[in-house]
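So the chains spell out like this:
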2 protein chains.
Amino acid sequence: CPCPLPRGDCSLSRLLRRLLSARRSLEICLFAFSSPQLGRAVQLLHRRGVRVRVVTDAQYMGLQGSQIGLLRHAGIQVRHDQENGYMHHKFAIVDRRMLITGSLNWTTQAIQTNRENVLVVEDAEYVKPFLDEFERIWEEYNPIHYRFF
Amino acid sequence: CPCPLPRGDCSLSRLLRRLLSARRSLEICLFAFSSPQLGRAVQLLHRRGVRVRVVTDAQYMGLQGSQIGLLRHAGIQVRHDQENGYMHHKFAIVDRRMLITGSLNWTTQAIQTNRENVLVVEDAEYVKPFLDEFERIWEEYNPIHYRFF
C-alpha cells in the first residue's frame, strides 16, 4: 500500500494499526516524535513484550512535547546522535519485514496539518537497506561512544 | 535501487545523475530547496526542453539561500501552498516513471551533514500515488485560488 497520506485521523489510525501489528520487534528511527497517541502505542507494544528500539535526533528530543523522555521512563531503549547534522530519518520497521517510511515525523502538527507522505513496503529489497541503516546507526550511537568533554 | 543515502558528494552525484536522465518531464515537490547544484541541474533540464513543474512550501521558499526565486526567474513554473501547515513532501518524479522520495530536502546541509534516506522506485504501483498527489497539489495551489485579503 504505497499511499501518500491524506491528512487527518484516518491516516493516524492506519499508521497505528500497522504499528500495533508488531509481534516481535519494532525499530523506530525518527527525527521528531511528539505524538501522544503514537507514543502510547509504542509503550503498549513494549509492555506486550515486543523488542522496541528507538533512534532519534539529539536537538529535537529535548523540546517540549517530545515523547522520548516518556519512552525512556517506560524502559524503552533509546539512542541519539551526537552530531551537528540532523538524524533526519523518519522510518519504522515492524517485525523486520514491514518498512514504514516517508516525509512524516510523528508529531501532531505533521499528522493533522501538514501535507505528508507515508510509504508502507514489505519487499525485502526495500526493507533490507533500512534495516542495515538502523543497525549501523544503533551501533554508532551506542552510549559507549558518547563524548562528554 | 532502494538505498539509504550515505552522506557526501557521492550521493549528490547519484541524485544528479538520476535527475539529469529526464527527457520529457520532471515534477518536484519539496519542502526546502536551497542546493545550488541541484538548482542548476533543474535549470539545465528546463533549458533542454524538459517540462519542469515545482511545488514548494510558502514559509520556506522566501528564506535566504532558497533556489525558488532563481527557478522562477529562469521561467520554471512554481506553485506554493497557502496554508498554516507545511507542504512537507520531499519527492521528484522523472518522466512519469521514476520516483525519488525520502527524508532528504534538497539543501546543502541535508546532503552534506544530515543522516538521510532517498528511495528510487520505478514500479508503477509506487509511482502512481505520488503522481496523483502531485497533480492534486498542483491544482490546489493554482494561483487562481490564492487569497490575498
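What counts, and where the lines are drawn
- Residues numbered from 1 in each chain as written.
- Chains lettered and ligands numbered in written order.
- Predicted model: local features only at pLDDT ≥ 70, side-chain atom pairs only at ≥ 80, totals over all residues.
- Heavy atoms only, no water.
- Helix = DSSP H or I, 4+ residues; strand = E, 2+ residues; numbered from the N terminus.
- Expected span 1.5 Å × (residues − 1).
- Buried < 20%, exposed > 50% of the residue type's maximum accessible area, 1.4 Å probe, protein only.
- Salt bridge = Lys/Arg side-chain N within 4 Å of Asp/Glu carboxyl O.
- Phe/Tyr/Trp six-rings, centres within 6.5 Å; stacked < 30°, edge-to-face > 60°.
- Lys NZ or Arg CZ within 6 Å of the ring centre and 35° of its normal.
- Contact = heavy atoms within 4.5 Å.
- Buried area = accessible area lost by both parts, 1.4 Å probe.
- Polar contact = N/O pair within 3.5 Å; in protein donor to acceptor, adjacent residues only side chain to side chain.
- Nonpolar A, V, L, I, M, F, W, Y, C, P; charged D, E, K, R; others polar.
- Pairing = 2+ DSSP bridges.
- Axes fitted to C-alpha atoms, helices over the stretch in contact; angles between N-to-C directions.
- UniProt positions renumbered as here; feature names shortened; annotations may be inferred.
- Patch = residues over 30% accessible without salt bridge, like charges linked within 9 Å, V, L, I, M, F, W, Y side chains within 5 Å.
- Areas by Shrake-Rupley, 256 points an atom, 1.4 Å probe, with all protein chains shown as cover.
- Lys, Arg positive; Asp, Glu negative; His and termini not counted.
- Charge placed at Lys NZ, Arg CZ, Asp CG, Glu CD.

Asker: Tell me about helix α6 (residues 124-140) of chain A, and please be specific about residues and values.
Answerer: In this model, α6(A) (17 residues) spans 24 Å end to end at C-alpha, consistent with the 24 Å of a helix rising 1.5 Å per residue. Those residues of α6(A) lying buried are A:Tyr126, A:Val127, A:Pro129, A:Phe130, A:Leu131, A:Glu133, A:Phe134, A:Ile137 and A:Trp138.

Asker: Which residues make up the pattern of salt bridges, and what values do they have?
Answerer: A complete count under the given rule lists 16 salt bridges over all chains for this structure. Among the ionic pairs, A:Glu133 bridges to A:Arg136, the shortest N-O distance being 2.6 Å. With A:Glu133 and A:Arg136 both in helix α6, this residue pair falls 3 residues apart, about one helical turn. Among the residues examined, A:Glu133 registers a relative accessible area of 5% and is labelled buried. Linking B:Arg96 and B:Glu135 is a salt bridge whose minimum nitrogen-to-oxygen distance equals 3.5 Å. Taken together, the positions of B:Arg96 in the loop between β4 (90-94) and β5 (98-102) and B:Glu135 in helix α6 (residues 124-140) put the pair 39 residues apart, joining distant regions of the chain.

Asker: Report on the packing of aromatic side chains, specifying residues and quantitative values.
Answerer: Counted according to the given criterion, the structure contains 11 aromatic pairs over all chains. For the pair B:Phe91 and B:Phe130, a centre-to-centre distance of 5.1 Å together with 85° between the ring planes defines the contact as edge-to-face. Of this pair, B:Phe91 sits in strand β4 while B:Phe130 sits in helix α6; the two residues are 39 residues apart in sequence, bridging distant segments of the chain. Side by side, B:Phe91 and B:Phe130 carry an identical accessibility label, which is buried. Aromatic rings pair up to connect A:Phe31, A:Tyr60 and A:Tyr86 into one cluster. Over the ring of A:Trp138 we find A:Arg53; its NZ or CZ atom is 5.3 Å from the centre of that ring.

Asker: Run through the interface of chain A and chain B, naming residues and quoting values.
Answerer: Of the residues lining the interface, 34 residues belong to chain A; the matching set on chain B comes to 34 residues. Taken together, the two surfaces of chain A and chain B that pack against each other cover about 2800 Å², and 54% of this comes from carbon and sulfur. For B:Arg115, the salt bridge is made with A:Glu140, and the minimal N-O distance between the two is 2.8 Å. The interface formed by chain A and chain B holds 18 residue pairs in polar contact (both at pLDDT 80 or more) in total. Counting residues per element, the ones that place at least two in the side of chain A that touches chain B are β4 (90-94), β5 (98-102), α5 (108-113), β6 (118-121) and α6 of chain A. In terms of residue count, α6(A) provides more of the side of chain A that touches chain B than any other element does, 8 residues in total. Taken together, the residues that form the side of chain A that touches chain B break down as 13 nonpolar, 11 polar and 10 charged.

Asker: Which residues make up the sheet that holds β4(A), and what values do they have?
Answerer: Residue and element names in this part refer to chain A. Ordered in space as β3-β2-β1-β4-β5-β6, the 6 strands form an open sheet in which the pairing is mixed. Both outer strands of the open sheet, β3 (77-80) and β6, are each paired with one neighbouring strand and no more. Strand-to-strand twist in this sheet, taken as the mean axis angle between neighbours without regard to direction, amounts to 10°. Where β5 meets β6, 4 bridges bridge the pair, whose relative direction is antiparallel. Pairing of Gly-102 across the sheet is with Val-118, part of β6. The sheet contacts of α6 involve β1 (25-30), β2 (51-56), β3, β4, β5 and β6, and relative to β2 the element is tilted by about 75°.

Asker: Residue-level account of the UniProt feature "domain: PLD phosphodiesterase" (unreviewed entry) in chain A, with values.
Answerer: Sites flagged by UniProt as "domain: PLD phosphodiesterase" (unreviewed entry) map to residues 83-110 of chain A. Annotated as residues 83-110 of chain A, this span is 11% helix and 36% strand, and its ends, taken at the C-alpha atoms, are 24 Å apart.

Asker: Tell me about a negative patch on the surface, and name the residues and values.
Answerer: A cluster of acidic residues, A:Asp123, A:Glu125, B:Asp123 and B:Glu125, forms a negative patch on the protein surface. You can see B:Asp123 is positioned in the loop between β6 (118-121) and α6.

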